[in-house]
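# Summary of structural features
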Amino acid sequence: SKDADDEIWPGGPVHYTITLRNTGLAVGDALTVVDPVPDDILDPAEVSSGGAVAGNTVRWFVDELRMGEVVTLTWRGRLDLLSSRDVVTNHVSVENPSGLSQSSYGVSQVIYPALQLLKEAEPAAGPGEGLVYTLTLQNAGTAPAYNVELRDPIPGYVVPPLVYSGATRINFPEAALRWAVGDLWPGETRVYTWSAAVSFDVPAAIAEIVNTATAADGGGRGMSASARTTILRPALRLEKTAPVWAA
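These notes cover the structure that comes with them. (Residues numbered from 1 in each chain as written. Predicted model: local features only at pLDDT ≥ 70, side-chain atom pairs only at ≥ 80, totals over all residues. Heavy atoms only, no water.)

### Comments concerning the sheet that holds strand β19 (residues 208-216)
Strand pairing in a sheet takes place through backbone hydrogen bonds and is either antiparallel or parallel in direction. The criterion, for reference: The pairing criterion for strands is at least two bridges between them, as found by DSSP. Segments assigned H or I by DSSP are reported as helices when at least four residues long, segments assigned E as strands when at least two residues long, and all are numbered from the N terminus.
Within the open sheet, the 6 strands sit side by side as β12-β20-β19-β14-β17-β16. Their pairing is mixed. At either end of the open sheet lies a strand with only one pairing partner, and these are β12 (124-125) and β16 (168-170). Both β19 and strand β20 (residues 222-231) contribute to a ladder of 9 bridges, which runs antiparallel. Bridge pairing in β20 links Ala213 to Ala225.

Pasting the structure below:
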């Protein structure tokens with residue numbers, strides 16, 4: 001029989017267990033167990049009981065399996081971080097020179113992270129006034145998100161950030177703040193902030209500043225979120241009076 005983890009996720013481990021059981025009335029000898037590594041499963045390792053990885057296959061040679069005897073064989077791998085599969089099926093077979101042949105398989109359901117991003121800023125600000133951007137990043141999925149990166153471009157007509165929490169300032173391909181978030185576990189939330197100010201020379205034609213941040217994991221799964229700030233303008237009123245002289 002073949003057992004696999006019920007649920008696996010991109011970048012995470014998968015464990016396989018093969019159980020050989022002789023239910024017959026004779027000794028099984030010269031048994032070869034062949035376990036092809038499924039597509040999207042990487043780095044087969046920790047192969048038990050003298051097995052070995054040859055190319056994309058895990059193999060064992062069992063010299064003898066007595067009546068009623070049970071042998072357990074195991075190995076582990078890792079699901080490709082870029083995988084988009086719904087399930088991973090692993091087939092295994094055992095055979096010997098006398099024509100004995102049996103097969104089995106194990107199925108793992110693939111679960112995924114689900115990044116959610118919320119971005120907030122002052123709803124309105126005038127030239128020279130301060131802005132505070134708040135980014136709330138959460139993994140609402142059922143699997144860990146690995147190698148997460150958060151990037152927030154610095155919009156036009158905003159003076160360079162004065163304070164930013166845990167970010168790196170980058171200038172290519174655009175001026176932005178970048179956070180190397182790392183791994184984000186299911187249900188975990190992180191909050192990041194940065195502050196700047198509206199430029200004094202923002203043109204009159206610019207009615208609002210829109211800033212869009214993006215977050216993605218190492219498999220390219222992610223989302224974006226925007227914040228809008230309306231530019232406040234002074235309302236000037238000019239009146240002129242002059243004396244009226246009677247003739």
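### Section: the environment of Ser199
To be explicit about the condition: We call two residues in contact whenever any of their non-hydrogen atoms come within 4.5 Å of each other.
Along the chain, Ser199 falls in the loop between β18 (189-198) and β19. For the pair Ser199 and Pro127, spaced 72 residues apart in the sequence, the C-alpha separation amounts to 5.5 Å. With near-sequence residues (within four places) excluded, Ser199 lies in contact with Pro127, Gly128, Tyr157, Val158 and Val159.

### Some remarks on the packing of aromatic side chains
Condition: When the centres of two rings from Phe, Tyr and Trp lie within 6.5 Å, Trp using its six-membered ring, the rings pair. Their planes under 30 degrees apart give stacked, over 60 give edge-to-face, and anything left gives tilted. Each residue is assigned to one of three classes by its accessible area relative to the maximum for its type, calculated with a 1.4 Å probe on protein chains only: buried under 20%, partly exposed between the two thresholds, exposed over 50%. Ring-over charges, as used throughout, are those where CZ of Arg or NZ of Lys falls within 6 Å of the ring centre and within 35 degrees of the ring normal.
One pass over the full model with this rule turns up 4 aromatic pairs. Both rings, one in Tyr16 and one in Trp75, keep their centres 4.8 Å apart while their planes meet at 35°; by these two values the pair is tilted. You can see Tyr16 sitting in strand β3 (residues 13-21) and its partner Trp75 sitting in strand β8 (residues 70-79), a full 59 residues away along the chain. On the basis of relative accessible area, Trp75 is assigned to the buried category, the value being 2%. For the cation-ring pair, Lys119 lies above Tyr133, with the distance from its terminal atom to the ring centre recorded as 4.6 Å.

### Things to note about the nonpolar core
Our working rule: Only buried Ala, Val, Leu, Ile, Met, Phe, Trp, Tyr and Cys residues count toward a nonpolar core, and they belong to the same one when joined by side-chain atoms within 4.5 Å.
With 27 residues, the main nonpolar core has Leu117, Leu137, Leu150, Trp179, Val181 and Trp194 as its most contacted residues. Secondary-structure elements contributing two or more residues to this core are β11 (115-120), β13 (130-139), β14 (145-153), β17 (176-184), β18, β19 and β20. Setting aside chain neighbours within four positions, we find Leu150 in contact with Leu117, Leu135, Leu177, Arg178, Trp179, Val181, Tyr192, Thr214 and Ala215.

### Topic: the sheet that holds β3
This is how the line gets drawn: A fitted line through C-alpha atoms serves as each axis, taken over the contacting stretch for helices, and the angle formed by two N-to-C directions is quoted from 0 to 180°.
Taken in spatial order, the 4 strands line up as β1-β3-β8-β5 in an open sheet, and their pairing is antiparallel. A strand with exactly one partner marks an edge of an open sheet, and here the two such strands are β1 (2-4) and β5 (41-45). Ignoring which end each strand starts from, the neighbouring axes of this sheet average 25° apart. With 3 bridges connecting them, β5 and β8 associate as antiparallel partners. By the bridge assignment for β8, Ile41 is matched with Leu79.

### Some points on a nonpolar patch on the surface
Quick note on the threshold: What goes into a patch is any residue over 30% in relative accessible area without a salt bridge, connected to like charges within 9 Å or, for nonpolar side chains (Val, Leu, Ile, Met, Phe, Trp, Tyr), within 5 Å. Here the accessible surface of atoms and residues is derived via Shrake-Rupley with a 1.4 Å probe, and residues count as covered only by protein chains that are part of the display. When a carboxyl oxygen of Asp or Glu lies within 4 Å of a side-chain nitrogen of Lys or Arg, that pair is called a salt bridge.
Taken together, the side chains of Val87, Tyr105 and Val107 present a nonpolar region at the surface, about 270 Å² in accessible area. Relative to the assigned elements, Val107 resides in strand β10 (residues 101-110). A relative accessible area of 41% means that Val107 is categorised as partly exposed.

### Some remarks on the side chain of Thr229
Rule in force here: As used in this structure description, the phrase polar contact means that two N or O atoms lie within 3.5 Å; if the pair is within protein, one of them must be able to donate a hydrogen and the other to accept it, and residues adjacent in sequence are counted only when both atoms belong to side chains.
Mapped onto the secondary structure, Thr229 falls in strand β20. Note on Thr229: relative accessible area 0%, which makes it buried. Of the polar contacts made by the side chain of Thr229, one reaches the backbone oxygen of Glu122; its length is 2.7 Å. Other than its neighbours up to four places away in sequence, Thr229 contacts Ala121, Glu122, Pro123, Ala124, Ala125, Leu131, Ala207, Glu208 and Ile209.

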